[in-house]
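Results of the structural survey
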Amino acid sequence: MTATPVAPTVEGAPPRERGWRRILRAIGVQNLSLVAAIAVLVLVIGSQNSAFYLTSNLKTIGMAVTISGLLAVVQTVVIIMGGIDLSVGSVAGLASVASAMLFTSFGSGVSLIGALAIGAVCGVISGSVVVFGRVTPMIATLAGLIGYKGIAQLVSDGRAQGYTGADPLYVFLARGSVLGIPTLIWILALVAAALHVMLRYTRMGRNIYAVGGNDTAARLSGIDINRYILGVFALAGTVAALAGVLITARTGSGQPVSGSEGLEFQSITAAALGGVALRGGKGSIGGTILAVILLGILLNGMSLLGVNPFWQNIAQGTLLVSAVIIQQLRNGERRVGLPK
Amino acid sequence: MRTVTQASASLTARGISKNFSGVRALDGVDIDLPAGRVTALMGENGAGKSTLLKILSGDHLPDAGEIEIGGETVSFQTPFDARSAGLRVIAQEPEIVPHVSVAENIYLGALPSGRLGRVSQRAIEEQARQDLERFGFGHLLDPARLGVELSPAQRQIVEIVRCLIDEPQVICFDEPTSSLSDHETDVLFELIARLRDEGRAVGYVSHRMHEIFRIADTVTVLRDGRLIGSREVTDTTEGEIVKMMVGRDLTSMYDRDRREPGAPALELEDVTTDDVTGVSLTVHHGEVVALAGLVGAGRTELALAIAGDRPVRSGVIKVEGTPRQFGSPREAIAAGIALAPEERKADALVMVRTVRDNIALAVLGSLSRFGFVKARREKDLADRYIEQLHIRTPSAAQLVQNLSGGNQQKVVLARWLARDAGILILDEPTRGVDVGAKAEIYQIIDELASRGVAVLVISSELPEVLGLADRVVVMQNGRVTGELHHTEATEERILTLAIADHLSDEGATS
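For clarity, every value in this text was computed on a predicted model and none was experimentally measured.

Within chain A, the regular secondary structure consists of 14 helices and two strands. Taking 2.2 N^0.38 as the reference for a compact globule, 340 residues should give roughly 20 Å; the C-alpha atoms of chain A span a radius of gyration of 22 Å, in line with that estimate. Here chain A holds 340 residues, and 50% of them are scored as buried. In chain A, of all internal contacts separated by at least 6 residues, the share reaching a separation of at least 24 is 76%.

Written as structure tokens, this is what we have:
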């Protein structure tokens, strides 16, 4: 059809943006400032200790951020959908124990698949509580944080389980490398790339942004939002379980709590630092990955420079809050009352 | 009871300018709001009315210019400064605290409290009842209701009362009637007349021409951030004002060729939901049916039920002659039913996403292959509708939240045009939309009907109902009270059906 409105287009449409502004916008000011922060940090740390630039140290950083990075990227997806998953750390712990115990009885293949399946089930349970029990994601997964940790402690009697240190698959996961790059880094890169493509280029990803941006609009536009909520929580559980399997691989045994405790908050920290809006609908995997790298370099640099490790948490907290303050003020948030 | 003070402070603003990141929203605007007069502020969306009101309310600081109230120069750093200077701007979309009562919402920030700061629920409800009564809204709102239960009209009333209890000298209304029914509008206009007679300066922003002629003394028109001029209502015409607003002539907004309707597309037989009872109506292909009635008559709820978002308790909904039951909007959309809901921002648009994403939202499946969205086709689709519907946006990649109301509404329409829905339900499609965009939306509706789409329009604006509809179905209190062919529909007859006290079934069925 051709609408022939009475009115010709009225003047007043804002002019198109100039070239360089469009490029800047495509990268995102948020991401640029993260890149700048990383660059500054690298220069400062490198000038103090040249060992920082060693390839071996870069690998160390990469491997150190893999586990928290996995949780951060999947947390990004959950938050973009308008949810939050506080249970990812506990699911990782449960999966770690489960993988070690399954390994002892059935071998590495079954243990890997079994652990991932358990993670998926945990996610579906959280998602079901949210969708069918009408519980907010915060509370539902807070219950998961406590409950799944309890299950991990119960089945393991609170102790580390099994020994996977001699199994080729687990050794490959923990210390192997492909094309000179450690397996751990590959895993994070592949998962992050897959989630990035999913969010950016698929119908599923678009709908996740829509559900997070306005769930009523999404529902009235024919999106089956329950399916998306269940699916995304299942995804979060599965990726968290993958992180748990890597904990087992790294430590050589199943860890119910140590190695996974507190990871949920690290994942939220990275997502928020990466520019993911906690109210949903906004954010990207790229931003989160930059934030993960920034945090990894910060912690690595502090230990290289011999800073008292207790300062690490203080530095992370300060970094997070300053980044978000800058972000909010740039958005022109009015300084009144509780921020949205 | 408070004593009513005799107020006599005028507001004068001179040379007000405001830029937003390089875009000039206001350019040296002079505005007078004299005491004891109602001054209407008119202009298309984007003309600068909202910016001006935000400067008056202290939400924005002007880049240049001076404001005087009662001869004294004032400068507002915060909304609180504006309040203390005796100026209140009544928001169009008021903030209502959801889980406290109407009374507490009214006295928000200044709860009357007794000894030890104790707030007596009963006392403030009683006071709220008196204040509501005093302003003429006593019968429209129960002070004990919770904020979350209120309709948009009732929220607006809370906001009005909330602002007036301060006894401001200068009061600005920002499209107060966009969510009000005609009866509520009458009450409001009586109140505005009283405020004027008390000597207060009243500013009144609206897109509804007939209201301006009813209530205003002076009309001041803005266009593109500049003052175009002021006219006494007694020496101007609707045509002149529209011309000033748009800088061109709008011959007739409702220029429709009415055609013979086709086969029935949507038939409701005795449909009962939690909110409506025994509703029967039919919309044919190529026909525009208006659903008229007061706010709260159950029209929005009926629309949601047809669109599969509310359960149908009994009765039959037939689509293309086949009885259907929808468990979700998804199923209704698959059957060809599209709903553009009343609350555009809250229920229709993903504000933080782009125009392109919002247009493509309901057709991503057909734009995708193996689950991957084809960016090219998506962009082409968005560009096509941006051009076709004259959506004013720098590009398809613009965030929807940066568009004006009329353009946002066009994005919602584009979403359903892209979907090629056979049955389109539009709930208040021109609410908060400027004159130019309104005419364009009417044009689109007419185009759709001529292509055989069955259109059901819910509207509280009677001229719109009369101008658009082939048939008018009137609802009151969850029931259909009558149906009028466009040849027999008049404002009086529709109103009679909408507000008649006796719920008779004979009505004026044709």
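Alright, that's what it looks like, and here's the rest.
The next thing to look at is the domain arrangement of chain B. Splitting chain B by domain gives domain 1 (11–96 + 150–246), domain 2 (251–336 + 421–510) and domain 3 (350–420). Domain 1 of chain B and domain 3 of chain B are separated by 33 Å when their C-alpha centres are compared.

Attention now moves to the side chain of B:Asp470. All names here are of chain B. Structurally, Asp470 can be placed in the loop between helix 17 (462–468) and strand 21 (471–476). On the basis of relative accessibility, which here comes to 6%, the residue Asp470 falls in the buried class. Residue contacts for Asp470: discarding those within four places in its chain leaves Arg256, Arg258, Gly286, Glu287, Val288, His485 and His486.

With that out of the way, let us pick up the sheet that holds strand 3 (residues 38–42) of chain B. All names here are of chain B. Read from one edge to the other, the open sheet built from six strands follows the order 6-7-8-3-9-10, with strand pairing classed as mixed. Across the chains shown, the open sheet's two edge strands, defined by having one partner strand only, are strand 6 (87–90) and strand 10 (226–232). With strand direction ignored, the average angle separating the axes of adjacent strands in the sheet is 20°. Alignment of strand 9 (residues 218–223) against strand 10, held across six bridges, turns out to be antiparallel. Counterpart to Leu222 in the pairing with strand 10 is Leu227. Each of strand 6 and strand 7 (170–174) touches helix 5 (residues 152–164); the most contacted strand, strand 6, lies at about 180° to it.

A surface patch of positive charge is lined by A:Arg203, A:Arg227, B:Arg330 and B:Arg419. With respect to the helices, strands and loops of the structure, A:Arg203 is situated in helix 9 (residues 203–213). Classification of A:Arg203 by relative accessible area gives partly exposed; the value is 35%.

Further remarks concern the sheet that holds strand 15 (residues 322–324) of chain B. Strands in a sheet are paired, the pairing made by backbone hydrogen bonds, and the direction either parallel or antiparallel. All names here are of chain B. Taken in spatial order, the four strands of this open sheet run 12-11-14-15, and their pairing is antiparallel. With one partner strand each, in any of the chains shown, strand 12 (279–284) and strand 15 form the two edges of the open sheet. Between one strand and the next, the sheet's axes are offset by a mean angle of 20°, whatever the strand orientation. Of the strand pairs in this sheet, strand 11 (residues 264–273) and strand 14 (residues 312–319) are connected by six bridges, and their pairing is antiparallel. Looking across to strand 14, one finds that Leu266 is bridged to Val319.

What follows is about the packing of helix 13 (residues 285–304) of chain A against helix 14 (residues 310–330) of chain A. Residue and element names in this part refer to chain A. Where helix 13 contacts helix 14, the axes come no closer than 10 Å and their chain directions differ by 150°. Seen along the crossing, helix 13 lies across helix 14 with a hand that is right-handed. Across the interface between the two elements, Leu294, Leu295, Leu298, Leu299, Met302 and Ser303 from helix 13 touch Trp311, Gln312, Ala315, Gln316 and Leu319 from helix 14. Here the contact of helix 13 with helix 14 is built from residues that sort into eight nonpolar, three polar and no charged.

The subject of this paragraph is the packing of aromatic side chains. Any aromatic ring pair is given by two values, namely how distant the centres are and how the planes are angled relative to each other. All names here are of chain A. The full count for this structure, using the stated rule, is four aromatic pairs over all chains. Here the aromatic rings of Phe52 and Tyr53 are separated by 5.7 Å at their centres, their planes lie at 70°, and the arrangement is edge-to-face. With relative accessibility at 2%, the residue Phe52 sits in the buried group. Here the aromatic rings of Phe103 and Tyr170 are separated by 5.6 Å at their centres, their planes lie at 75°, and the arrangement is edge-to-face. Note that Phe103 is positioned in helix 4 (residues 88–106) and Tyr170 in helix 7 (residues 168–175), a separation of 67 residues in sequence.

Before going further, it helps to spend a moment on the nonpolar core. Membership of the largest hydrophobic core comes to 88 residues, with the highest contact counts inside it found for A:Leu70 and A:Ile208. With 15 residues, the top contributor of residues to this core is helix 11 (residues 225–251) of chain A. Residues in contact with A:Ile208, not counting those within four places in the same chain, are A:Val77, A:Ile80, A:Met81, A:Met198, A:Leu199, A:Tyr228 and A:Val232. In terms of nonpolar packing, the next biggest core, distinct from the first, is built from 48 residues, B:Leu132, B:Ala153, B:Phe189 and B:Tyr204 among them.

Attention now goes to helix 6 (residues 137–156) of chain A. All names here are of chain A. The terminal C-alpha atoms of helix 6 lie 27 Å apart, and with 20 residues this matches the ideal 28 Å at 1.5 Å per residue to within 8%. Along helix 6, the residues classified as buried are Pro137, Ala140, Thr141, Gly144, Leu145, Tyr148, Ala152 and Ser156. Buried-residue contacts for helix 6 involve helix 4, helix 5 (108–133), helix 11 and helix 12 (263–273). Once helix 6 finishes, Asp157 follows within two positions and takes phi at roughly 55°, a positive value.

Scoring rules and cut-offs
- Residues numbered from 1 in each chain as written.
- Chains lettered and ligands numbered in written order.
- Predicted model: local features only at pLDDT ≥ 70, side-chain atom pairs only at ≥ 80, totals over all residues.
- Heavy atoms only, no water.
- Helix = DSSP H or I, 4+ residues; strand = E, 2+ residues; numbered from the N terminus.
- Rg over C-alpha atoms; globule rule 2.2 N^0.38 Å.
- Buried < 20%, exposed > 50% of the residue type's maximum accessible area, 1.4 Å probe, protein only.
- Contact = heavy atoms within 4.5 Å.
- Domains from an automatic or database assignment.
- Pairing = 2+ DSSP bridges.
- Axes fitted to C-alpha atoms, helices over the stretch in contact; angles between N-to-C directions.
- Patch = residues over 30% accessible without salt bridge, like charges linked within 9 Å, V, L, I, M, F, W, Y side chains within 5 Å.
- Areas by Shrake-Rupley, 256 points an atom, 1.4 Å probe, with all protein chains shown as cover.
- Salt bridge = Lys/Arg side-chain N within 4 Å of Asp/Glu carboxyl O.
- Lys, Arg positive; Asp, Glu negative; His and termini not counted.
- Charge placed at Lys NZ, Arg CZ, Asp CG, Glu CD.
- Left-handed = near helix turned anticlockwise from the far one by under 90°.
- Nonpolar A, V, L, I, M, F, W, Y, C, P; charged D, E, K, R; others polar.
- Phe/Tyr/Trp six-rings, centres within 6.5 Å; stacked < 30°, edge-to-face > 60°.
- Core = buried A, V, L, I, M, F, W, Y, C linked by side-chain atoms within 4.5 Å.
- Expected span 1.5 Å × (residues − 1).

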